[in-house]
Amino acid sequence: MSLVLCLNLLRNNIQSSCPVRFLKQHAGFSSGKLLQPGTYEKRHFTTKLTDTASWHKTELGSCSPAIPPLWLQQTSGHDHPATVLVFDIETTGFLHVDNRIVEFALRDLSGGKNCTFETLINPERCVPKHAAEANNITTELVCRSDVPRFGDILPILLAYVQSRQSPGKPVLWIAHNAKLFDIPFVMQEFERCSAQVPADWLFVDSLCLARKLMKLDENIGLVNLKALGKHYNISSKGPSHRAMPDVQVLCDIFQNITLDLKLTRDDLMNEASIFYDFRKVSRK
């Protein structure tokens, strides 16, 4: 699988294809705080820049539609209380201090050009056989010099999210089982880079919303992505247990869950937690 980074919007904003150091400054972080030079020396890696409307390849200049306007009921005077990003990660295993992220993908629900971001990540360790069998991400695929480490991606990700963020509004991250898996893994990677998660980043666990819905709808027995996709007649357009196909499925599932729960935008914000409200990573 080729490495994909949706960075055209960043290039337009910054007016050049910039090294990681410049993008880090663009994101507003000092070099000492974000990256430790002794740990993250200058490296060159290959990226592929595309405009994407979905997880698969599209023509340059294409745009992705926003989630339909009724994806969340509007009852307050706030038009867009937050930038909503649906994301997913693939890892080398279950939540543990020794396990690492090997793939990261997100989609901005507002749609438009460059609304998706995805990349493979070099975990700097071997990918166990059981993990590779689940997502087809092998040691040979990611442990290469042309695949960026999380420390290489971090300043680019920060700048990308900043470019999608509405001035003065928070960023709301959505993931399935975010509280016990995705968020702790992301926090762990930030900590390895001696970086702080922006204070205006919040998250909502769609699994918690699905469990609320299960109490109201007896037709819902399981609340994993596969079961919810079957319930809503939503199928993945790519391989399962890969970050971007799972993001695209969750976008559609999340739309249906919020409609069935009759959530307002303000209700969703009330469900949000700060990034530091997460389960401590096991060191056993």
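These numbers were taken from a predicted model, which means no experiment stands behind them. (Residues numbered from 1 in each chain as written. Predicted model: local features only at pLDDT ≥ 70, side-chain atom pairs only at ≥ 80, totals over all residues. Heavy atoms only, no water.)

Turning our attention to the overall build of the protein. Looking only at helices and strands, the protein has eleven helices and six strands in total. Counting only residues that meet the buried cut, the protein has 55% of its 284 residues in that class. Taking all contacts inside the protein whose residues are at least 6 apart in sequence as the whole, residues at least 24 apart take part in 77%. Carbon and sulfur atoms make up 53% of the accessible area of the protein, which totals about 13500 Å². (Helix = DSSP H or I, 4+ residues; strand = E, 2+ residues; numbered from the N terminus. Buried < 20%, exposed > 50% of the residue type's maximum accessible area, 1.4 Å probe, protein only. Contact = heavy atoms within 4.5 Å. Areas by Shrake-Rupley, 256 points an atom, 1.4 Å probe, with all protein chains shown as cover.)

It is worth spelling out the pattern of salt bridges at this point. Counted according to the given criterion, the structure contains eight salt bridges. One salt bridge in this structure joins Glu-103 and Arg-242, with 2.9 Å as the shortest N-O distance. Of the two residues, Glu-103 is situated in strand 2 (residues 101-108) and Arg-242 in the loop between helix 9 (225-231) and helix 10 (243-260); the sequence distance between them amounts to 139 residues. Across this residue pair, the class does not change: Glu-103 and Arg-242 are buried. Notably, a salt bridge pairs Glu-124 with Arg-149, separated by 3.8 Å at the nearest N-O pair. Of this pair, Glu-124 sits in the loop between strand 3 (116-120) and helix 4 (129-135) while Arg-149 sits in the loop between helix 5 (139-142) and helix 6 (150-164), and the two are 25 residues apart along the sequence. Through salt bridges that share partners, Arg-100, Glu-189 and Arg-192 make up one connected network. (Salt bridge = Lys/Arg side-chain N within 4 Å of Asp/Glu carboxyl O.)

This part takes up the confidence of the model for the protein. Looking at the protein as a whole, its pLDDT mean stands at 77, while 69% of the residues score no less than 70. Low pLDDT, under 50, characterises residues 1-62; the stretch is placed with 145 contacts to residues that sit more than four places away or in other chains. (pLDDT = per-residue confidence, 0-100.)

Next up on the list: the pairing of strand 2. For strand 2, a buried count of eight out of eight residues is recorded, marking the element as mostly surrounded by other parts of the structure. Direction of pairing for strand 2 relative to strand 3: antiparallel, over a ladder of five bridges. For Phe-104, the partnering residue across the bridge sits in strand 3 and is Thr-119. (Pairing = 2+ DSSP bridges.)

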